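Letter by letter, the chains look like this.
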Amino acid sequence: MEWPAATSTARPSASQALLLFFLAATALTLTTAQNVNIMVMHEVENEPATSGILAAIKYLENTGGATIGIKEFMALKKGDDVEATVNDTCAKLDAAIDAGKAPHIVIDATTTGLLSETAKSITRALALPTFSASYGQEGDIREWRDLTAEEEKYLVQAMPPGDILVMAVRDIVETQNITNAGIIYDNTFVMDHKYKSLLMNLPCRHILTEVEATEMALRKQTKRLMDADIVNYFVVGSKETISRVLDAATANGMFGRKYSWYAVSKGKDDIQCGCENSTVVYLRPEQPTKNRIGMLQRDYGLGAKPAIDAAFYFDFTLRGIKAAALLAKEGKYVNFKYVKCDNYDENDPIIRTDMDLLGALKRVTMEETWGTLTWGGNGMTFPKIPLTMDKFMILSGRTAERKSLGKWDAGMPGALMFTAGMDLTDHQAVTVYRVTTVRQSPFIMQRTNEDGKIEFYGYCIDLINEIKQIVQFEYEIYEAPDGKFGTMSENMEWDGMIKELIEKRADIALAPLSVMAERENVVDFTVPYYDLVGITILMKKPKVPTSLFKFLTVLEPEVWVCILFAYGFTSVLLYVFDRFSPYSYQNNKERYKDDDEKREFTFKECLWFCMTSLTPQGGGEAPKNLSGRLVAATWWLFGFIIIASYTANLAAFLTVSRLDTPIESLDDLSNQYKVQYAPMNGTSTMTYFERMAYIEKKFYEIWKDMSLNDSMSPVERAKLAVWDYPVSDKYTKMWQSMQEAGLPTTLESAVERVRKSTSSSEGFAYLGDATDIRYLVLTNCDLQIVGEEFSRKPYAVAVQQGSPLKDQFNDAILKLLNQRKLETLKERWWNQNPEKKTCEKDDDQSDGISIENIGGVFIVIFVGIGLACVTLAFEYWWYKHRKTPRITDSGRVVNVKEFPSGDVQKTNFTSDKSNFNTEYNNDGYDIAPVGNPW
């Protein structure tokens, strides 16, 4: 029925006025008693909506409160053709209008999507009073976005439970400061429109995905979320869906302190899963105190699941029909003009000024089945249904413990209300980053702790621990599988730590990693945490052999033996010649009695003479006989030559080592061929020399192309024609030499080759990072740094490209720099390193001869003094215990005795005693009968 509008503006007569009053009274009577025509638009897949709407209609028919007239049902199915849906809807509306049974209200139970928007478009265009239960917050329903104030009165939306319950996810994310979230939902919740609005304006990276149908696909789905660095998970769905997802997560090892799990359901059952060891915070609707649902299920067929959805659609339909009945009773449809689809003119939109469906809906009095509606305009009207919040701890598929944490009070925003002593602090996912590293002392080292576990320590470990205190995270560290820092091959493929970052197996690369241009193309670097570090040379420290008797090594042992033999032989000759020569002192003492120096060359004196003749003091008085003097002169000539030769050889011996020019720079290394050199394979040092050789080659090719360019004039080409090679090939030759020498694969093998060097001018030199080499020198006394650093680059921490960790780490490193903690770390791991060796001072040849080389001379002094002391003791003993007088002469022995007086005549002797001095002294000297050795 179409209710005509009064259009006449002429003053009525008395009879006309009476007639109009009669018609108005009749119309009011008809309106009060008329039926409410409804048009229901719902989706076939939404069983709770269908069940709730039918139950509400049946309830009204049985209990009264509103008389329902014509019921038009538009059953929509996802995937239906939009044009066909519009045509079918318009056909039913036009038919109802033509039959005078146009709907007083449209009950729109569509959820979301294109068909739902189509329904909104029709109801808005035709200005039909509509009560919608579609999903969407303010602005989500596109066709109802820009409603006028009058349109908002009759185009009314109320959010279903599934649209408000998921807002608990937002409140948990905000309360827990969650920065990443994976949300898995099933068909019991409509989440298509929630991707942007659910966590809008929250700093949380999230992935919203519908649960897969098969178990294998579900495992892959959860694995993809884990690979995307998601550690906070929300399962929004039925009890069965929650169990399936938790089982898949158990299979993928997604439980533990690194992960946190939440579940939101419309049901009332507890969680059941085959989880080995998991903790889940479970939110579900608080059950109504009255068992109204049980009565509705029993008497009116409200049996669809979830029960909360069916109850909502029951109340939603009941409220809508009662509101339409209230408007009809108030005569709001008397002047209501319906427009058929065929008569709709976009340029002349329909304007309703006296249709306040919203006010009527608010004025309806009814008993709510499950939660009361909170009014707040389209996108802000929702049922007030609190959620209980419990923590389930599941071990081996059974609930080991259940704690009631509190409730979530529904709202936008809602509120988490915890019971006394309860919160979600211990349920926060600990942010655990995967750190890849490469061992290099003292930055990254490895040891076994007291528990027998392998752990890393060093400068970088202390650094990441300091950053951890600022940024608040945990980390798991592992060594890069190939033990390399990261270089790019000719096929544009990376290895080492850089590969781990590119393939997202690691979040952080922590090591003394040099910042390089090609690396910055694929990863991000933080600000440097260490000074500029270059390349330098490691060589074996020349070990100058020391000997206390080094002065004896000037002559070969055979020469010393010959000298000793000559010394002994000459001494014997002097003794023999002096003993048998008639002109020697001992055989001709009368002749030399007036000489001031009288020296008898006994064998002892001969030994002493030959020894002292070699000293600057001289040997003293020479023999008197000519033959002895010839022997002495020969010995002096021999001694002069030997001493001169010894002195010259000693000077040369000490000077030769100074003439050996050591390698002191990279240029010295490149200009020789005896010492091989190479960097470690796969390091930035290797890349440096490889690139420098490549650059020289490119420069040469550019020069060659320019000099051979036919398009240039002869004069220009002549300017480029030179006899000398204009581009240095220093690095090209060095790179060739390195390849011929062979690049060591590990630092240990490189150091071993250095130690095998025979001298500073032959062997192997290692080129590498200055910090590597400085630490080797710090902990080894047989190695040395050669030359200055070159190609200096900073060390920095690398993260995945585009990672938010870059800015966080930058702030942390700069804060540590301002607090001078980086200097403290450097002091701890360099100057105070427990592995630091205290080495002996290098033997600098410019400082002269060291005590280690000349100390034997002092030993000779002490040995001589010792022999003198022993001799003195022997002499003292001889004097004390061997004092009996004896006369010993090599020519004769004279015995002196007294003869008896009776034989004087017989023997022609006088009676006087024989006088020894008178008898044997013909020279007039007094001779003692007994010689005193002292």
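As shown above, the structure is provided for reference.
Here is what the cut-offs are and how they apply
- Residues numbered from 1 in each chain as written.
- Predicted model: local features only at pLDDT ≥ 70, side-chain atom pairs only at ≥ 80, totals over all residues.
- Heavy atoms only, no water.
- Pairing = 2+ DSSP bridges.
- Helix = DSSP H or I, 4+ residues; strand = E, 2+ residues; numbered from the N terminus.
- Axes fitted to C-alpha atoms, helices over the stretch in contact; angles between N-to-C directions.
- Contact = heavy atoms within 4.5 Å.
- Patch = residues over 30% accessible without salt bridge, like charges linked within 9 Å, V, L, I, M, F, W, Y side chains within 5 Å.
- Areas by Shrake-Rupley, 256 points an atom, 1.4 Å probe, with all protein chains shown as cover.
- Salt bridge = Lys/Arg side-chain N within 4 Å of Asp/Glu carboxyl O.
- Lys, Arg positive; Asp, Glu negative; His and termini not counted.
- Charge placed at Lys NZ, Arg CZ, Asp CG, Glu CD.
- Buried < 20%, exposed > 50% of the residue type's maximum accessible area, 1.4 Å probe, protein only.
- Disulfide = S-S within 2.5 Å.

(A) Just the sheet that holds strand β1 (residues 36-43), in detail. With respect to topology, 5 strands assemble into an open sheet ordered β2-β1-β3-β4-β5, the strand pairing being parallel. Each end of this open sheet is capped by a strand with a single partner; those strands are β2 (68-76) and β5 (155-157). For this sheet, the mean inter-axis angle between neighbouring strands, taken without regard to orientation, is 15 degrees. Relative to strand β4 (residues 130-132), strand β3 (residues 105-108) is paired through 3 bridges, and the arrangement is parallel. Within β4, the residue paired with I107 across the bridge is F131. Here helix α12 (residues 307-329) sits on the sheet in contact with β1, β2, β3 and β4, set at roughly 170 degrees to β3.

(B) Molecular detail of a negative patch on the surface. On the surface, a cluster of negative charge is contributed by E45, D80, D81, E83 and D88. Mapped onto the fold, E83 is located in helix α3 (residues 82-98). What makes E83 exposed here is its relative accessible area of 57%.

(C) Spotlight on the state of the cysteines. For the structure on display, the rule yields 3 disulfides. One disulfide in the model links C90 with C341; its S-S distance is 2.4 Å. Looking down the S-S bond of the C90 and C341 bridge, the torsion is -85 degrees, so its handedness is left-handed. Of this pair, C90 sits in helix α3 while C341 sits in the loop between α12 and α13 (357-363), and the two are 251 residues apart along the sequence. You'll find C90 and C341 in the same group, each marked buried. Two residues share a disulfide in this structure: C781 and C839, whose sulfurs sit 1.9 Å from each other. The sign of the S-S torsion, about -85 degrees, decides the handedness of the disulfide formed by C781 and C839: left-handed. Linking C781 in the loop between α25 (770-779) and β25 (783-795) with C839 in the loop between α27 (821-831) and α28 (851-881), this pair joins segments that are 58 residues apart in sequence. Its relative accessible area of 34% is what places C781 among the partly exposed residues. According to the relative accessible area criterion, C839 is partly exposed, its value standing at 31%.

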